[in-house]
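One letter stands for each residue in the lines below.
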Amino acid sequence: DVKVTQSSRYLVKRTGEKVFLECVQDMDHENMFWYRQDPGLGLRLIYFSYDVKMKEKGDIPEGYSVSREKKERFSLILESASTNQTSMYLCASSLVGGGNVQYFGAGTRLSVL
Amino acid sequence: AQSVTQLDSQVPVFEEAPVELRCNYSSSVSVYLFWYVQYPNQGLQLLLKYLSGSTLVKGINGFEAEFNKSQTSFHLRKPSVHISDTAEYFCAGGAQGGSEKLVFGKGTKLTVNP
């Protein structure tokens, strides 16, 4: 079974803090994704990485950056957290040529106060 | 550009009743289509997928979906729901031979009442 692990289920941070959300997958997938989920808005893609050190902006990259130094790990960084970044964050991975099937982690619920 | 529309944001049903969750897509290319389920405070779990071949796709937990190219639809059905099916369901689409990204619908909250 594919396992995608997000390091924290719940996080509470203060406005202006630098926040790191970590995601690790154990199936040697080339592609990794970070989404944000808000009620009524579904999942919105923040960033996509298709290889180590390679990244592509998604639909809502503003206020976020990412890092992928190793194939199995994809980090989402909030440089200066703001209250409007309070949300559920979901990480996913997929195999190139795997029919676009994405496998998701359990999510990190971030509250910025 | 590809888009996915889930036509109902909330669907309440009684236990043991049939249910249909509707999804329409638009795309200028051939597509892959998916249904994912999200139970409270969890990530998304793949319910079923259409990649090619038979248009009737069976998934886990007794769900099935039919790919209808002429109506650009991929509706999810279950003949008899259980309380445990209460969850949010997401339809998603990807372009065959194109980007590895998926486009998600906004979700349908299914509530099964006793």
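Residues numbered from 1 in each chain as written. Chains lettered and ligands numbered in written order. Predicted model: local features only at pLDDT ≥ 70, side-chain atom pairs only at ≥ 80, totals over all residues. Heavy atoms only, no water.

A count of helical and extended segments in chain B gives zero helices and twelve strands. Along the chain direction, N to C, the helices and strands of chain B fall in the order β-β-β-β-β-β-β-β-β-β-β-β. Here the C-alpha atoms of chain B give a radius of gyration of 14 Å, agreeing with the 13 Å that 2.2 N^0.38 yields for 114 residues. Counting only residues that meet the buried cut, chain B has 45% of its 114 residues in that class. For chain B, long-range pairs separated by at least 24 residues make up 56% of all intrachain contacts whose partners lie at least 6 apart in sequence. Carbon together with sulfur atoms contributes 50% to the accessible area of chain B, which is approximately 5500 Å² in total. A distance of 7 Å separates the average location of the 9 positive side-chain charges in chain B from that of its 9 negative side-chain charges. (Helix = DSSP H or I, 4+ residues; strand = E, 2+ residues; numbered from the N terminus. Rg over C-alpha atoms; globule rule 2.2 N^0.38 Å. Buried < 20%, exposed > 50% of the residue type's maximum accessible area, 1.4 Å probe, protein only. Contact = heavy atoms within 4.5 Å. Areas by Shrake-Rupley, 256 points an atom, 1.4 Å probe, with all protein chains shown as cover. Lys, Arg positive; Asp, Glu negative; His and termini not counted. Charge placed at Lys NZ, Arg CZ, Asp CG, Glu CD.)

Our next topic: the sheet that holds strand β1 (residues 4-6) of chain A. Residue and element names in this part refer to chain A. Within the open sheet, the four strands sit side by side as β1-β3-β8-β7. Their pairing is antiparallel. Both outer strands of the open sheet, β1 and β7 (64-70), are each paired with one neighbouring strand and no more. Ignoring strand direction, the axes of neighbouring strands in this sheet form an average angle of 20°. (Pairing = 2+ DSSP bridges. Axes fitted to C-alpha atoms, helices over the stretch in contact; angles between N-to-C directions.)

Enumeration according to the criterion identifies 13 aromatic pairs over all chains in this entry. Where Tyr50(B) meets Phe67(B), the ring centres are 4.3 Å apart and the plane angle is 20°; that geometry is what we call stacked. Here Phe67(B) lies in strand β8 (residues 64-68) and Tyr50(B) lies in strand β6 (residues 44-50), a separation of 17 residues in the sequence. Exposure class is identical for Tyr50(B) and Phe67(B). Each is buried. Between Phe63(B) and Tyr89(B), the aromatic rings sit 5.5 Å apart at their centres with planes inclined by 45°, giving tilted as the arrangement. Of this pair, Phe63(B) sits in the loop between β7 (56-58) and β8 while Tyr89(B) is found in strand β10 (residues 87-95), placing the two residues 26 residues apart along the sequence. Assigned by exposure class, Phe63(B) and Tyr89(B) land together as buried. What links up through ring pairs into an aromatic cluster is the set Phe33(A), Tyr35(A), Phe48(A), Tyr50(A), Phe104(A), Phe34(B), Tyr36(B) and Phe104(B). (Phe/Tyr/Trp six-rings, centres within 6.5 Å; stacked < 30°, edge-to-face > 60°.)

Let us now look at the pairing of strand β4 (residues 31-38) of chain A. Residue and element names in this part refer to chain A. Counting buried positions along β4 yields eight of eight residues, so the element is predominantly enclosed. What you see with β4 is no split at all: Asn31, Phe33, Tyr35 and Gln37 on one side and Met32, Trp34, Arg36 and Asp38 on the other are buried throughout. In terms of strand pairing, β4 meets strand β9 (residues 87-94) through seven bridges, oriented antiparallel. Residue pairing for β9: Phe33 is matched across the bridge by Ala92. Hairpin connection, β4 to strand β5 (residues 42-51): the antiparallel pair is bridged by three residues, and Gly40 has positive phi, about 80°.

A few words on the side chain of Gln102(A). Take Gln102(A): it is sitting in the loop between β9 and β10 (103-104). On the basis of relative accessibility, which here comes to 1%, the residue Gln102(A) falls in the buried class. Within polar-contact distance, the side chain of Gln102(A) engages the side chain of Tyr35(A) at 2.7 Å. Contact partners of Gln102(A), with chain neighbours within four places excluded, come to Phe33(A), Tyr35(A), Ala92(A), Ser93(A), Ser94(A), Tyr36(B), Glu100(B), Lys101(B) and Leu102(B). (Polar contact = N/O pair within 3.5 Å; in protein donor to acceptor, adjacent residues only side chain to side chain.)

With 28 residues of chain A at the interface, the matching set in chain B holds 22 residues. Note on chain A versus chain B: buried area summed over both sides is about 1800 Å², and carbon and sulfur give 53% of it. Taken together, chain A and chain B are joined by one salt bridge. For Glu56(A), the salt bridge is made with Lys101(B), and the minimal N-O distance between the two is 2.8 Å. At the boundary of chain A and chain B, one finds seven residue pairs in polar contact (both at pLDDT 80 or more). Grouping the constituent residues of the side of chain A that touches chain B by class yields 14 nonpolar, ten polar and four charged. (Buried area = accessible area lost by both parts, 1.4 Å probe. Salt bridge = Lys/Arg side-chain N within 4 Å of Asp/Glu carboxyl O. Nonpolar A, V, L, I, M, F, W, Y, C, P; charged D, E, K, R; others polar.)

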